[in-house]
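The residues making up each chain are set out below.
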Amino acid sequence: MATTALVDPETGLTQAQLAARHGLRVAGERPSLTEYSRRLWAYRHFTAAYANAKLVASYSNAKLGQIWQVLTPLTNAAVYYLIFGVVLGQNTIPNFIAYLTTGLFIFNFTQSAVLAGTQSISGNLGLIRALHFPRACLPLAATLTQFQQLLASMIVLVGIVLVTGEPITLAWLMLPPALLLQALFNAGVVMVVARMGSKASDLKQVMPFILRTWMYGSGVLYSVKLFDRLPEWASTLIQFNPILVYIELARYALLEQAPLLNESVTQLWLVAVGWAVLGGIAGYVYFWRGEQEYGRG
């Protein structure tokens, strides 16, 4: 049986027509992509302040405070060097310490951002339900927090590279744009997992296993030349692994004799830019499409 819309007896208009006349909208309605982007830009200061607060709070209970931003990557590098450099003998790679730490720090940027982003919506339901703001602020703040962590790690990495005998060259100028491209790619991935994590709470349990597999496929801990043993189609596919591309760019910038899977630097940059643009835009649009869902249910 068909239902009839309620009509106001005084005006003869339906409720929908009355709402349109007075400029009323559905609560929580998703704005257009252009309007959403405008609002997100207007909240950029909130995003930055929230990211800084999360960074400070993450070390507030530690006696050494933010010194752990430096100690954590150093400790990880020492452990992995002991296992892969000393025990497994991967130190046949020229300047293996710098090679290893470069891969670790670059991969950790993506890994930490994705893990934080998985809970950026589900872990902030109180804030989402109490305040009205573009929800993309939260995954972007998670990415920005980890980018700040990366900058501290880069100070450590530069020290390691110099101490282990690498010279300062013009190639070092390639590092900042490579990191910015990775940050843009990370932001897109983080927004994807943020939306997925808002509906699937078990995703945070599965994500560490996915990231660990991704790390082993990105040549972080060993020479990327080992991938040459794979079938040609698999080796070609791995060359388009976004994290491997960003790691290779960083190693090319900082290390003179780093073994590279793809010797074409031009191709590395093209793939890096492609992933940054594709990942950033696709992730943003995907997150925007779920805007009206966050914090409900």
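All figures in this text were calculated on a predicted structure; none of them were measured in a lab.

How each quantity is defined
- Residues numbered from 1 in each chain as written.
- Predicted model: local features only at pLDDT ≥ 70, side-chain atom pairs only at ≥ 80, totals over all residues.
- Heavy atoms only, no water.
- UniProt positions renumbered as here; feature names shortened; annotations may be inferred.
- Helix = DSSP H or I, 4+ residues; strand = E, 2+ residues; numbered from the N terminus.
- Salt bridge = Lys/Arg side-chain N within 4 Å of Asp/Glu carboxyl O.
- 1 Å grid on protein atoms, 1.4 Å probe; cavity = no way out; pocket = protein on both sides within 12 Å on 5 of 7 lines; lining within 4 Å.
- Points joined across faces, edges and corners; volume = space filled by probe spheres on them.
- Contact = heavy atoms within 4.5 Å.
- Axes fitted to C-alpha atoms, helices over the stretch in contact; angles between N-to-C directions.
- Parallel < 35°, antiparallel > 145°, perpendicular 65-115°, else oblique.
- Left-handed = near helix turned anticlockwise from the far one by under 90°.
- Phe/Tyr/Trp six-rings, centres within 6.5 Å; stacked < 30°, edge-to-face > 60°.
- Buried < 20%, exposed > 50% of the residue type's maximum accessible area, 1.4 Å probe, protein only.
- Lys NZ or Arg CZ within 6 Å of the ring centre and 35° of its normal.
- Patch = residues over 30% accessible without salt bridge, like charges linked within 9 Å, V, L, I, M, F, W, Y side chains within 5 Å.
- Areas by Shrake-Rupley, 256 points an atom, 1.4 Å probe, with all protein chains shown as cover.
- Expected span 1.5 Å × (residues − 1).
- Bend = angle between axes of the 7 residues up to and from the residue.
- Arc of directions from axis to C-beta.

Draft legend 1. Seen up close, the UniProt feature "transmembrane region" (unreviewed entry) in the protein chain. Within this numbering scheme, the UniProt entry marks residues 70-90, 96-116, 137-164, 170-194, 206-224 and 268-287 as carrying the feature "transmembrane region" (unreviewed entry). For the annotated span residues 170-194, helix accounts for 80% and strand for 0% of the residues, and the straight-line distance between the end C-alpha atoms is 38 Å. The span residues 206-224 is 58% helix and 0% strand, and its two end C-alpha atoms sit 26 Å from each other.

Draft legend 2. Highlighting the pattern of salt bridges. Tallying each qualifying case throughout the model produces three salt bridges. Close ionic contact of Arg39 with Glu35 constitutes a salt bridge, the shortest N to O distance being 3.0 Å. Taken together, the positions of Arg39 and Glu35, both in helix H2 (residues 33-42) and four residues apart, correspond to about one turn of that helix. Note that Arg195 is salt-bridged to Glu293, the shortest N-O span being 3.7 Å. You can see Arg195 sitting in helix H8 (residues 175-199) and its partner Glu293 sitting in the segment after helix H12 (265-289), a full 98 residues away along the chain.

Draft legend 3. Geometry of empty space enclosed by the protein. Tallied over the full model, the rule gives one cavity of 30 Å³ or more. Empty space within the largest cavity amounts to approximately 30 Å³. As for the largest cavity, its lining consists of Gln239, Leu244, Val245, Glu248, Leu261, Asn262 and Leu268. The element that contributes the greatest number of residues to the lining of the largest cavity is helix H11 (residues 242-254), accounting for three residues.

Draft legend 4. Up close: the environment of Met154. Here Met154 lies in helix H7 (residues 137-163). Separated by 49 residues in the primary sequence, Met154 and Phe105 place their C-alpha atoms 7.7 Å from one another. Residues contacting Met154, with those up to four places away along its chain left out, are Phe105, Ile106, Leu175 and Leu179.

Draft legend 5. How the structure looks around the packing of helix H3 (residues 44-58) against H7. Running from amino to carboxyl end, H3 crosses H7 at an angle of 55°, the nearest separation of the two axes being 8 Å. Judged on the interaxial angle alone, H7 and H3 are oblique. Two packed elements cross with a definite hand, and for H3 against H7 that hand is right-handed. Contact with H3, carried on its side by Phe46, Thr47, Ala48, Tyr50, Ala51, Asn52, Lys54 and Leu55, involves Cys137, Leu138, Leu140, Ala141, Leu144, Thr145, Gln148 and Gln149 of H7 and no other residues of that element.

Draft legend 6. Local environment of the packing of aromatic side chains. If you walk through the whole model with that rule in mind, you get nine aromatic pairs. Plain terms: the ring middles of Tyr43 and Phe46 are 6.4 Å apart, the flat faces sit at 90° to each other, and that makes the pair edge-to-face. Between Phe46 and Phe133, the aromatic rings sit 5.2 Å apart at their centres with planes inclined by 55°, giving tilted as the arrangement. Residue Phe46 is found in helix H3, and its partner Phe133 is found in the loop between helix H6 (125-130) and H7; the two are separated by 87 residues along the sequence. Phe46 sits in the partly exposed class, given a relative accessible area of 27%. Taking the ring centre of Phe133 as reference, the NZ or CZ of Arg135 above it sits at 4.8 Å.

Draft legend 7. Local environment of a nonpolar patch on the surface. On the surface, a cluster of nonpolar side chains totalling about 250 Å² of accessible area is made up of Val79, Leu82 and Ile83. Secondary-structure assignment places Val79 in helix H4 (residues 68-87). Judged by relative accessible area, which is 43%, Val79 ranks as partly exposed.

Draft legend 8. Structural detail: helix H5 (residues 96-118). With 23 residues, H5 extends 33 Å from end C-alpha to end C-alpha; this agrees with the ideal 33 Å at 1.5 Å per step. Residue Asn108 marks the point of greatest curvature in H5, where the axis turns by about 25°. When you tally the buried positions in H5, you get 18 out of 23 residues, the bulk of the element.

Draft legend 9. Region of the structure containing unusual backbone geometry. For Asn95, which is not glycine, the phi torsion reads 50° and is therefore positive. Along the polypeptide, Asn95 turns up in the loop between H4 and H5.

Draft legend 10. Quick look at helix H9 (residues 203-216). Taking 1.5 Å per residue as the helical rise, H9 with its 14 residues ought to reach 20 Å, and the 20 Å between its terminal C-alpha atoms agrees with that figure. Of the residues making up H9, those classed as buried are Leu203, Met207, Leu211 and Met215. In a view along the axis of H9, the buried residues occupy a sector of 110°, so they form one face of it. In H9, the exposed residues that point more than 90 degrees away from the buried face are Phe209 and Thr213.

Draft legend 11. Focus on the environment of Leu230. Relative to the helices and strands, Leu230 resides in the loop between H9 and helix H10 (232-238). Every residue in contact with Leu230, bar those within four places of it in the chain, is listed here: Ser235 and Ile238.

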